[in-house]
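What follows is the residue order along each chain.
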2 protein chains.
Amino acid sequence: MATIRDVSKLANVSVATVSRVINQSGYVNEVTEKAVRQAMETLSYVPSDMARSLAGKKSATIALIVPDILNPFFPELARAVEDAAHQLGYTVILCNSDHDPEKERNYFGMLKNKRIDGIIVASYTIHPQQLLELQRQSIAAVVIDNHFPSHPILALQSKNREGAVMAVRHLLDRGCTTIAHISGPLEILPSRERLLGYELVMREHGMFAPSLIAEGDFHVEGGYRAMQELLKLHPDIDGVFAGNDLMAIGALKALYIAGKAVPQDVKLIGFDGIALATVVPELSTIAQPIAEMGKLATHYLMRQIRNEPVECKTHELDVRLLVRQSTTD
Amino acid sequence: MATIRDVSKLANVSVATVSRVINQSGYVNEVTEKAVRQAMETLSYVPSDMARSLAGKKSATIALIVPDILNPFFPELARAVEDAAHQLGYTVILCNSDHDPEKERNYFGMLKNKRIDGIIVASYTIHPQQLLELQRQSIAAVVIDNHFPSHPILALQSKNREGAVMAVRHLLDRGCTTIAHISGPLEILPSRERLLGYELVMREHGMFAPSLIAEGDFHVEGGYRAMQELLKLHPDIDGVFAGNDLMAIGALKALYIAGKAVPQDVKLIGFDGIALATVVPELSTIAQPIAEMGKLATHYLMRQIRNEPVECKTHELDVRLLVRQSTTD
DNA sequence: ATAGTATGTGTAACCGGTACCGTAACTATG
DNA sequence: CATAGTTACGGTACCGGTTACACATACTAT
């Protein structure tokens, strides 16, 4: 593997000149440049990013920490982040934390070792101190789908409560009178926000009852079980707001098995707007701008990395009601 | 950010000694070690992987190139690869090639620059020369879901043809007489293999007709369109073998809209065994051992990296028939 | 004519580690 | 008691780049 010195020898110039050619910095004569490029070619020289990073003190690498890439929310996020990063010449390291603080700490250690330039972290188990600690080591950080209002941490979040309100209002508009909610795990902030939105509207209409709420796990299976429980307690349910699309799909299965037709007997709406919610019947949902979040997160991160001014606060993104078959007769 | 020299100064030892402590190599007195660790602690020193990689000539990083992480096949793969790699102390860089040779070359360049230790690539557009070129730069490579029989390249693949045979036989067993096939893009090798398996069985039974085949795009949308076309030509179709699960979901939608009940009127089977095939009705499918593939690929890669002997040939993995609701009355 | 600026290139000191080599004291062996 | 092995360190040349600084020359403006 050829090095910059090999090239410099072959081209009869100094390493500085070769470096200038590579980086298009400083003055280099056209003729010299040609000679250098020729030498690089014949040696099939590829500059080492490692050495470059070491000397230049930047790795052009960021990390994306997600709980589990298997949850379809996160591939969409990952895709957007990777696209944006790649366009800016950055590389993305993928990490699955599994909601496990231990694993998370472990990753943080690795990433510090690697001197990566920044982290985008979607985690509900993370502690604000960990982020601040990172910033102290001058590693930029952006949090997604979680926030820490009392700390100077840049966070990106959808308007979860507002979205929940939209969802429940939509069910009411469609004539539902007994509306259940399948919440996500309540230690997760967005779950609580969505629950709150649900509660708000239900109370407004004097329809609130704790037994209309079941806690799921954000997965198909949990939605399925929660729906079964709910049906046992309230066979007359005619509307369901699931805390995310996966649980909505689980609910759909449970309803199907219970012989309830969607949307005729029960109207169902999810949250997230993942691409795969194209089941039969197609799922109405509150769509988060997932790709937008990923892109924005990456751009905010870059600004931090470049020390450009950014407001280290929570940025809230609008959600959209997507009316599809599961709430339309 | 403290360096090894800072630590060595504070602990009154040489950098060599600190290095020995860090790597637990060579001889270090207990007392000295304690002093060094103490110094590392007070300076909150974190060794730089970059410098280490540069000196040690290995990056402990591998890359995973997939066409598109949005296709649910690939998160499962990514998850398995990341898990296996992480356990072995490796970091995974994620790349989306979008089936775009240009983007692919671009990534290959970046990865060479980074001196990563190895690449796992799931691509149908890649050329064997590119892989051999990598190996020449002593970057290990494993190919997934594609293969190059005439080159010394380690590849991992499911038994696609065999799986297709199983799928069609299953439909026959269920009493289907007019069985259509929605193939994946035919420039993709596994698509052709599956098509071949289908054709084989159909010919065996004298049921083959080219018009029973429609080409899809491995996505829901393409499956949907292909199914519509097929129904136009053959309203009497009573069995469908889709080239992957996403297209099967698309077909399901088309059938639903056409008023065909699954599985009563038409039996439907997919391919892949992605976790999300839990729609209603649940999809029968030929399950690939995706996680197994990811894990195996990573382990093979490691062996190559460590220069352990590995057979650079195509390794074939067994598939499994999962009978679920879409083929069961 | 002269200072000032633009152009072109080389030298060498970094970046933050690893690892080989040398030194030195202490212990074991014959 | 000579010799060799073990233990415990330090010195320093790498790894492959970047970049500040020095130096030289040519061109411009005053």
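The following paragraphs examine the structure supplied in this document. (Residues numbered from 1 in each chain as written. Chains lettered and ligands numbered in written order. Predicted model: local features only at pLDDT ≥ 70, side-chain atom pairs only at ≥ 80, totals over all residues. Heavy atoms only, no water.)

All names here are of chain A. The mixed open sheet is built from six strands, whose spatial order is β7-β6-β8-β9-β10-β12. Each end of this open sheet is capped by a strand with a single partner; those strands are β7 (213–215) and β12 (320–322). When the angles between neighbouring strand axes are averaged without regard to direction, this sheet yields 20°. Contacts from helix α8 (residues 160–173) reach β6 (179–183), β8 (239–242), β9 (267–272), β10 (284–287) and β12, with the element oriented near 165° to β9. (Pairing = 2+ DSSP bridges. Helix = DSSP H or I, 4+ residues; strand = E, 2+ residues; numbered from the N terminus. Axes fitted to C-alpha atoms, helices over the stretch in contact; angles between N-to-C directions. Contact = heavy atoms within 4.5 Å.)

Right, let's talk about empty space enclosed by the protein for a bit. Counted under the stated rule, the structure contains two cavities of 30 Å³ or more. Approximately 250 Å³ is the volume found for the largest cavity. For the largest cavity, the lining is made up of 16 residues, of which Met50(A), Thr61(A), Lys114(A), Thr61(B) and Lys114(B) are closest to its centre. Looking at the lining of the largest cavity, the elements that each hand over two or more residues are α4 (49–56) of chain A together with α4 (49–56) of chain B. Tallied by class, the residues present in the lining of the largest cavity amount to six nonpolar, six polar and four charged. (1 Å grid on protein atoms, 1.4 Å probe; cavity = no way out; pocket = protein on both sides within 12 Å on 5 of 7 lines; lining within 4 Å. Points joined across faces, edges and corners; volume = space filled by probe spheres on them. Nonpolar A, V, L, I, M, F, W, Y, C, P; charged D, E, K, R; others polar.)

Next up on the list: unusual backbone geometry. With an omega dihedral of 10°, the bond running from Val262(A) to Pro263(A) counts as a cis peptide bond. With phi around 55°, Asp98(B) is a residue other than glycine that occupies positive phi space. Tracing the chain through its elements places Asp98(B) in the loop between β2 (91–96) and α6 (101–113). The exposure class assigned to Asp98(B) is partly exposed, which follows from its relative accessible area of 33%. Unlike most non-glycine residues, Arg115(B) shows phi in positive territory, near 55°. By secondary structure assignment, the location of Arg115(B) is in the loop between α6 and β3 (118–121). (Buried < 20%, exposed > 50% of the residue type's maximum accessible area, 1.4 Å probe, protein only.)

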